[in-house]
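Residue strings, one per chain:
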Amino acid sequence: MLRTDVTQGRARLDLLDPVDVARLGGLEVTTEGVVEGFLTGLHRSPRRGFSVEFAEHRMYQPGDELRYVDWKMLARSDRLYVKQFEEETNLRAMVVCDASRSMAWSGAPEQALTKLEYAQRLIAALTLVLLRQRDATGLIVFDEAVRSVTPPRARLGQWRQIVEKLSGLEAGAGTAAEPALRRVVNQLRRRGLVVFVSDLLLERDLAMTALRFLRHRGHQVIVLHLMDPAEVALSGPAEARFEDPETGRAVVIRPRDWASAYDETVRGAVSDWRAACRRSGIGYHRIVTDTPFGQTLRTVLSPRGGA
Amino acid sequence: MSFLHPWALAGLLAAAVPILLHLIQRREPPTVMFPAVRYLIDATREHQRRLRVRHWLLLAIRTLLLVALVLAAAGPLIARPGVASHAPAALVLVLDNSASSAAISGGTRRLDDLVRAADGALARATPNDALWLLAADGVPRRGDAATLRTMVKQVMPSARRLDLGEAVVTASRVLSGEKRPGEVLLLSDVQATALGPATVAVPLTVGRPRGEPPRNAGIASLDVGPQPWSVDGGRVAVTLAGDSGVQSAITVRLGDRPPREALATVGDAVTLAVPPAAPGWRVLAADLTGDELRLDDRRVAAVRVAPVARADCAPGGRYALAACDVLASNGRLAAGGDVRLGGFGASASIILPPDDAAAVGALNRELERRGVPWRFGAPGPAGVSDSGALLGGTRVMRRLRLESTGSGRSGVLASINRDPWLVRSGPVLLLGSRLEPEWTDLPITAGFMRFVDQLLNRLARGELVALDAAPGDPVAVPDVADAVAQGERRVSVEGGAHYVPADTGVQFLLSGNDTVGVLTVNLDARESRLAPATDRQLRELWQGVRIVDLERAPAQAFANAARGDLTSAFLWLALLLGISEIGLASWWKRA
């Protein structure tokens, strides 16, 4: 029924539950549906102002291509001006994706995507939106090391290349965000947009240092903090041994007794991240993996979505 | 603390349930993969200690809750002296109705106060109590409260002396087999002369009247001298005992003869000459002017009035002859052949073993010819006389056995190692040893004169012994006696056994229809001294004794088992714990 609605254009995938979206098809197809739905929902097309159009004039300099000379200006003012187009000021964006083992976890596998699956789809949708705006977009995937780097490009095949990388993504072992974030510097020589997608179960100081470094380089930085619903509200059997799949650290507790304290601690951690990011001019969004993709995109891409 | 339903304490095992649950829940729990463990660790680091305290507090509250419920079900009782109720207990009530309790003080007989206190103590008993009453007769009587209260009200002053130490020990022994908590309540005037040391294993409370006892004088002894008296009369010595300094008048009367009177004070010994009387048994009574204790103002003695024996002691040897000469010089014997010591006489014969062993056969044949069912046998082993009433502990080195040729062994007057040593058959007495030092040390002892006197004047003439005793004292009855008579009352006894006289007076020992002895029973002279013991003396003699005024004694009965019922307290505690548990658990859950 849902599939029928989608094919007939009656359902907007961007508003569906992420699990339902994932069930509809592959990453590429569903992401396009999500983005289409997302763009449809906007009252004003984001393409405006992002198109390849005239931006300004500057004095001709030797070596400039003659095809960019504004002949009309020459006729009117007898001076050589060349046209500069919007394409030259387009955004260059790098998405940094955490593919550590902790990301490949869902508290309820039947009911929620793992954080990594959610990140795959979210990143695919985000990069599609950016690329449609002619923004050069790249992708860095890391776990305990940088696993892959897709340099930012604005060409048409870039998105498929990113999707291909995302589709073949498998969770690694540990988490080492700092090297990956520093690799961004090599990929974004001009000021650009850096989107860091992670569950932030990592060394905060190191990560923040790297993020602040990017911010100081003039990049707009957005941190998307992915959390599983089961990580937000603690639950489980009467008593259980909770073990970190990455580090192997474990603790035996009664979830019912600790739910309140855990909630308090998580709120504190989120608050700390948010405060640290705000102090550094970094955008921070906590995203629970049962949030529809359209809502997440709207949050991230809104004018106040950045810092 | 004790319990009405101790079996319910088995429920205390339920108190282990929370602990067991706690331990069970500490088993290795299932493992759950959870990436955000760092948040859990941070959270637990902060709250772990607080939660642990909560867990243990809840565990303690739940355990205590179960314990409180179980204890409440078991009916806990706690010892609280002064409360009306008490746990099932065992009580021996010692009521001192000895002769001194008959003393009148302040217009009231001491025993009446004691009885009132005893009745009050028994009134506090419950059907679950075990009760005994021990009076001056020394016999613990068990019964329910109603029965014992009836008995107590019927108790009269006894002529017996009650040794309080022995009474307390007896009471303690009675309680030794009792599972219920036991105690002894002694109600007594606590005469100093009645005290004796005792070790009591149970709580002992003494209820004693306060106030000075009356001054008293009583007749301590009445000595009638050697018997029988001649028809010319005799002399008696009267001694007074007590703590009175007042001179009292003594009156001595022999049968229906005119009385003799004298004045005496405590400690004096007065000798009075008693006028002649006709032969026979006579009762001599000495009376004192009446005072606050009447029971000790009269003393009796039995006097045998008869002509002295006409005896021939020559055949008995030189020691016997010397003794007879002394007795004759004192008017206790007369020369003659009625009684012969060492041979056959005209009316009575005292036969001794012959010097020559070869003559034993002829002597035995003569005895047989005279119809005497006894004969001399082979020499027997040495020994000591066990017929204390007649001989005391006389040592015998040499003797011939006295063998009965008839059925039974009636007529035994004295024995050595339970072998007959002095026997009588009609007018013939047989003695197993000659009255010489190489046979027995009797001739060289101070009692020899008295023995010969009794042998000739009384035994050979059919009379036996004169015994003195106090009521309640066991008296060894001569072998020949088979009954004791006092007035019209006649009690069968077994010769050689012990007889316990209950009342004062003169009692005659009978063998069939013959009077073979007399038993004079008088009050123990110690009963006349009414001075009480001090509390300090009591505490020194009886460790741990509690001493209270007689008026307070009933309230002290069952004090050791007095209890308060804690069931309600434990139920309230359980309720409080339950509310606490629910409240804390809910609050913490919300927090």
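## Here's the deal with the overall build of chain B
And step 1. For chain B, the helix and strand inventory stands at eleven helices and 37 strands.
And step 2. Burial status across chain B gives 42% buried among its 591 residues.
And step 3. The long-range fraction of contacts in chain B, counting pairs at least 24 apart against all pairs at least 6 apart in sequence, stands at 70%.

## Brief notes about the overall build of chain A
And step 1. The helix and strand tally for chain A stands at eleven helices and ten strands.
And step 2. Of all 307 residues assigned to chain A, the portion counted as buried reaches 40%.
And step 3. When contacts within chain A are restricted to residue pairs at least 6 apart in sequence, long-range pairs at least 24 apart make up 74% of them.

## Some details on the sheet that holds strand E26 (residues 412–416) of chain B
Strands belonging to one sheet form pairs held by backbone hydrogen bonds; the direction of such a pair is parallel or antiparallel.
Residues and elements named next belong to chain B.
And step 1. Spatial ordering of the open sheet is given by E19-E18-E20-E21-E28-E27-E26, a layout of seven strands whose pairing is mixed. Here the strands that pair on one side only, and so sit at the sheet edges, are strand E19 (333–335) and E26. Neighbour to neighbour, the strand axes of the sheet diverge by 25° on average, direction disregarded.
And step 2. One ladder, built from three bridges, connects strand E20 (residues 339–341) with strand E21 (residues 348–351); its direction is parallel. Looking at the pairing, Val339 lines up with Ala348 of E21.
And step 3. Along the sheet face, helix H6 (residues 318–329) touches strand E18 (309–312), E19 and E20 and points at about 110° away from the line of E19.

## Thoughts on the packing of helix H3 (residues 110–123) of chain B against helix H4 (residues 145–154) of chain B
Residue and element names in this part refer to chain B.
And step 1. Contact geometry for H3 and H4: axes closest at 9 Å, N-to-C directions at 175°. In terms of axis orientation, H3 runs roughly antiparallel to H4. Taking contact as the criterion, the partners of Val115, Ala118, Asp119 and Leu122 in H3 are, on H4, Ala145, Leu148, Arg149, Val152 and Lys153.
And step 2. When its residues are assigned to classes, the contact of H3 with H4 shows six nonpolar, no polar and three charged.

## A closer look at helix H6 (residues 158–167) of chain A
Residue and element names in this part refer to chain A.
And step 1. Buried within H6 are the following residues: Gln158, Trp159, Ile162, Val163, Lys165 and Leu166. Buried residues in H6, looked at end-on, bunch into an arc of 160°, giving them a common side. Along H6, exposed side chains directed more than 90 degrees from the buried face belong to Arg160 and Ser167.

## Overview of the environment of Val200(B)
Residue and element names in this part refer to chain B.
And step 1. Residue position: Val200 is located in the loop between strand E9 (182–187) and strand E10 (204–208).
And step 2. Given 20 C-beta atoms within 10 Å, Val200 falls into the buried group.
And step 3. Linking Val200 and Glu183, residues 17 residues apart in sequence, is a C-alpha distance of 9.7 Å.

## Considering the interface of chain A and chain B
And step 1. Listed by partner, the interface residues are 29 residues for chain A and 21 residues for chain B.
And step 2. Considering every element that reaches the side of chain A that touches chain B, the biggest residue donor is helix H10 (residues 255–279) of chain A, with nine residues.
And step 3. Residue composition of the side of chain A that touches chain B, grouped by class: 15 nonpolar, four polar and ten charged.
And step 4. Here strand E8 (residues 240–243) of chain A runs beside strand E2 (residues 31–33) of chain B; their pairing, made up of three bridges, is parallel.

## Focus: the nonpolar core
And step 1. Leu429(B), Val452(B), Leu456(B) and Ala460(B) are the most contacted members of the largest nonpolar core, which has 84 residues in total.
And step 2. Sorting elements by how many residues they give to this core places helix H8 (residues 448–459) of chain B first, with six residues.
And step 3. Two domains share this core, each providing at least three of its residues, namely domain 3 (217–306 + 466–526) and domain 4 (309–460) of chain B.
And step 4. If we ignore the near neighbours within four places in the chain, the residues touching Ala460(B) are Ala309(B), Val339(B), Ala348(B), Ile350(B), Leu429(B) and Leu455(B).
And step 5. Core analysis: the next-biggest nonpolar cluster, separate from the first, contains 64 residues, Leu188(A), Val194(A), Val195(A) and Met227(A) among them.

## Regarding the pairing of E8(A)
Residues and elements named next belong to chain A.
And step 1. Here four bridges tie E8 to strand E9 (residues 250–253), and the two strands are oriented antiparallel to one another. Across the sheet, residue Arg241 finds its bridge partner in E9, namely Val252.
And step 2. The hairpin turn running from E8 into E9, its antiparallel successor, is six residues long, and Gly248 in that turn takes a positive phi close to 80°.

## Digging into the sheet that holds strand E4 (residues 90–95) of chain B
Residue and element names in this part refer to chain B.
And step 1. Read across the open sheet, the six strands follow the order E8-E7-E4-E9-E10-E36; overall the sheet is mixed. Only two strands of the sheet have a single partner each, and these edge strands are strand E8 (140–142) and strand E36 (546–549). Across this sheet, the average inter-strand angle for adjacent strands is 20°, counted without regard to direction.
And step 2. For E9 and E10, the ladder comprises four bridges, and the chain directions are parallel. Looking across to E10, one finds that Val184 is bridged to Leu204.
And step 3. Its contacts with the sheet place H3 against E4, strand E7 (130–134), E9 and E10, and it is angled at close to 170° to E4.
And step 4. Sheet contacts for H4: E4, E7 and E8; angle to E7, the most-contacted strand, approximately 15°.

## So, the pairing of strand E13 (residues 248–254) of chain B
Successive side chains on a regular strand alternate, one facing one side of the sheet and the next facing the other.
All names here are of chain B.
And step 1. Side chains Ser248, Ile250, Val252 and Leu254 of E13 all project onto a buried face; the interleaved residues Ala249, Thr251 and Arg253 project onto a face where none is buried.
And step 2. Relative to strand E14 (residues 260–264), E13 runs antiparallel, the two being bridged by five bridges. Within the sheet, the bridge partner assigned to Ala249 lies in E14 and is Leu263.
And step 3. If you look at the hairpin formed by E13 and E14, you'll find five residues sitting between the two strands, and Gly255 has a positive phi there, around 55°.
And step 4. Of the pairings in the sheet, the one linking E13 to strand E16 (residues 280–288) comprises five bridges and is antiparallel in character. The partner of Arg253 across the bridge, within E16, is Ala285.

About the criteria used
All residue numbers refer to positions counted from 1 along the written sequence of the respective chain. Working convention: letters from A go to chains and numbers from 1 go to ligands, in the order in which they are written. Only residues with pLDDT of at least 70 are given local features in this predicted model, and only at 80 or more are side-chain atom pairs given and counted; all residues enter the totals for whole chains, interfaces and linings. Counting from the N terminus, the helices are the DSSP runs of H or I reaching at least four residues and the strands are the DSSP runs of E reaching at least two. Whether a residue is buried, exposed or partly exposed is read from the other C-beta atoms within 10 Å of its own C-beta, which are placed from the backbone; 20 or more gives buried, 12 or fewer gives exposed, and intermediate counts give partly exposed. By definition, residue pairs are in contact when their C-beta atoms, positioned from the backbone, come within 7 Å. A pair of strands is considered paired only if DSSP assigns at least 2 bridges between the two. To get an axis, fit a line to the C-alpha atoms, keeping to the stretch in contact for a helix; angles then go from 0 to 180 degrees between the N-to-C directions. In these notes the angle categories are as follows: under 35 degrees is roughly parallel, over 145 is roughly antiparallel, 65 to 115 is roughly perpendicular, and the rest is oblique. Classification used: nonpolar for Ala, Val, Leu, Ile, Met, Phe, Trp, Tyr, Cys and Pro, charged for Asp, Glu, Lys and Arg, polar for all others including Gly. Along the arc lie the directions from the helix axis toward the C-beta atoms. For this entry, the nonpolar core is defined as buried Ala, Val, Leu, Ile, Met, Phe, Trp, Tyr and Cys residues connected by C-beta atoms within 7 Å. Note that the domain bounds were set by an automatic or database domain assignment.

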